[in-house]
Structures are given as structure tokens and as C-alpha cells.
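A structural walkthrough
Below are the chains, spelled out letter by letter.
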Amino acid sequence: MTMLDRADHERHDALESHAAAAALFHGLADPTRLMILAHLRTGEHKVKELTEHLGLAQSTVSAHLSCLRDCGLVTSRAQGRASMFSLANPQLLQDLLGDANDYIGISEGHELDTHDFTAVHGPSHVPEGARR
């Protein structure tokens, strides 16, 4: 392998690494997707459940879930005619969003890694796993 071939190979590898990071950050770059991710922290959901919980159109939720799946943040599995969506790596995502909270200085109660269930459902509907 010549020096030029090696440099091209290293440049290609670096570009692939940066492309993967860009895809991840693209997935996190929308407030609605962040809300969906926070909601999925409570467990897997069908699209219909997410539309009801978040008050969004089915097409909107589906488009965001597709983006989140494409960038590796969520996974899906078939259950009958529906798909069940869940976080691909809940602990890594929680760590990443926790670091983002610190980086941008989000105040307590408004963290990116939680979902404000009381605003959507009232205080009696906060799932056990979503409490801090």
C-alpha cells in the first residue's frame, strides 16, 4: 500500500466515523424526537400509544420514529400487525442526555432525559421508571 493509498484509507475511515456521529446528532436535533426518546424510557410503545401520549399525528410520530431507527437510537419489533418501539441502548442514551443537560445548563425539572408526564397526563400518571 502506498502512502497515498494509506492517506485515502485513513481519510475515508475518519469520514465514516464523522458520518455516524452526524447521524446520531441529527436524530437528537429535533425537540419532538427528544420527547419521543424520553417517553420510550418508560418502556416500549406502539405508534398509536405514542400519538395518544404526546398528542401528535400518527404520520408525525412515524416519521420521527423512522429517523430515530435509522440513526440507531431506537429499535422495533413486530407484534402482530403493529410495531413495538424501544430505546436501542437506554443507559448510553441517558448518559449522553445527562451530559447534554450539564453542557447546556438545563435547570432541574426540565432535563432532556426525562419526560414531563404531569404536563401530558397529570401527576397520577407518572410511570415508576420515569421518576427521579
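Residues numbered from 1 in each chain as written. Predicted model: local features only at pLDDT ≥ 70, side-chain atom pairs only at ≥ 80, totals over all residues. Heavy atoms only, no water.

Here we come to the packing of helix H3 (residues 47–54) against helix H4 (residues 58–70). With their axes 9 Å apart at the nearest point, H3 and H4 run at an angle of 115 degrees to one another. Like other packed secondary-structure pairs, H3 and H4 cross with a definite hand, here right-handed. Residues Val47, Leu50 and Thr51 of H3 touch H4, and the partners they reach there are Gln58, Val61, Ser62 and Leu65. Residues of the contact of H3 with H4, tallied by class, amount to 4 nonpolar, 3 polar and no charged. (Axes fitted to C-alpha atoms, helices over the stretch in contact; angles between N-to-C directions. Helix = DSSP H or I, 4+ residues; strand = E, 2+ residues; numbered from the N terminus. Left-handed = near helix turned anticlockwise from the far one by under 90°. Contact = heavy atoms within 4.5 Å. Nonpolar A, V, L, I, M, F, W, Y, C, P; charged D, E, K, R; others polar.)

The next thing to look at is the confidence of the model for the protein. Interpretation of the predicted coordinates at a detailed level should be avoided for regions scoring low in pLDDT. Of the residues in the protein, 77% have a pLDDT of 70 or more, and the chain-wide mean is 82. Mean pLDDT per element in the protein: helix H6 (residues 117–121) is the minimum at 42, and H4 is the maximum at 97. (pLDDT = per-residue confidence, 0-100.)

This part is about the sheet that holds strand S2 (residues 74–79). The strands that make up a sheet pair up through hydrogen bonds in the backbone, lying either parallel or antiparallel. Within the open sheet, the 3 strands sit side by side as S1-S3-S2. Their pairing is antiparallel. Both outer strands of the open sheet, strand S1 (45–46) and S2, are each paired with one neighbouring strand and no more. Relative to strand S3 (residues 82–87), S2 runs antiparallel, the two being bridged by 6 bridges. Across the sheet, threonine 75 pairs through a bridge with serine 86, a residue of S3. Packed onto the sheet, helix H2 (residues 31–40) meets S1, S2 and S3 and runs at close to 90 degrees relative to S3. (Pairing = 2+ DSSP bridges.)

Counting buried residues along H2, 8 of its 10 residues qualify, which places the element largely inside the surrounding structure. Considered for burial, the residues of H2 that qualify are Thr32, Arg33, Leu34, Ile36, Leu37, Ala38, His39 and Leu40. Among the residues of H2, the N-terminal cap falls to aspartate 30, whose side-chain oxygen and the backbone nitrogen of threonine 32 are separated by 2.8 Å. (Buried < 20%, exposed > 50% of the residue type's maximum accessible area, 1.4 Å probe, protein only. Polar contact = N/O pair within 3.5 Å; in protein donor to acceptor, adjacent residues only side chain to side chain.)

This part takes up the pairing of S3. Each regular strand displays side chains that alternate between the two surfaces of the sheet. Taken together, the 2 bridges between S1 and S3 define a ladder with antiparallel strand orientation. Within S3, the residue paired with histidine 45 across the bridge is phenylalanine 85. What sits between S2 and S3 in their antiparallel hairpin is a turn of 2 residues, with glycine 80 showing a positive phi close to 65 degrees.

The tally for this structure, following the rule as stated, stands at 3 salt bridges. Note that glutamate 44 is salt-bridged to arginine 77, the shortest N-O span being 2.5 Å. Pair noted here: glutamate 44 is in the loop between H2 and S1 and arginine 77 is in strand S2, with a separation of 33 residues, a long-range link. By relative accessible area, which is 32% here, glutamate 44 ends up partly exposed. For the salt bridge of lysine 48 with glutamate 52, the shortest nitrogen-to-oxygen distance reads 2.8 Å. Note that lysine 48 and glutamate 52 are positioned in helix H3 at a spacing of 4 residues, about one turn of the helix. Take lysine 48 and glutamate 52: they sit in the same class, and that class is exposed. (Salt bridge = Lys/Arg side-chain N within 4 Å of Asp/Glu carboxyl O.)

Attention shifts here to the environment of alanine 88. Mapped onto the elements, alanine 88 comes out in the loop between S3 and helix H5 (90–104). For alanine 88, a relative accessible area of 36% translates into the label partly exposed. In this structure the C-alpha to C-alpha distance between alanine 88 and glycine 72, which are 16 residues apart in sequence, comes to 6.7 Å. What alanine 88 contacts, discounting residues up to four positions off in sequence, is Gly72, Leu73, Val74 and Thr75.

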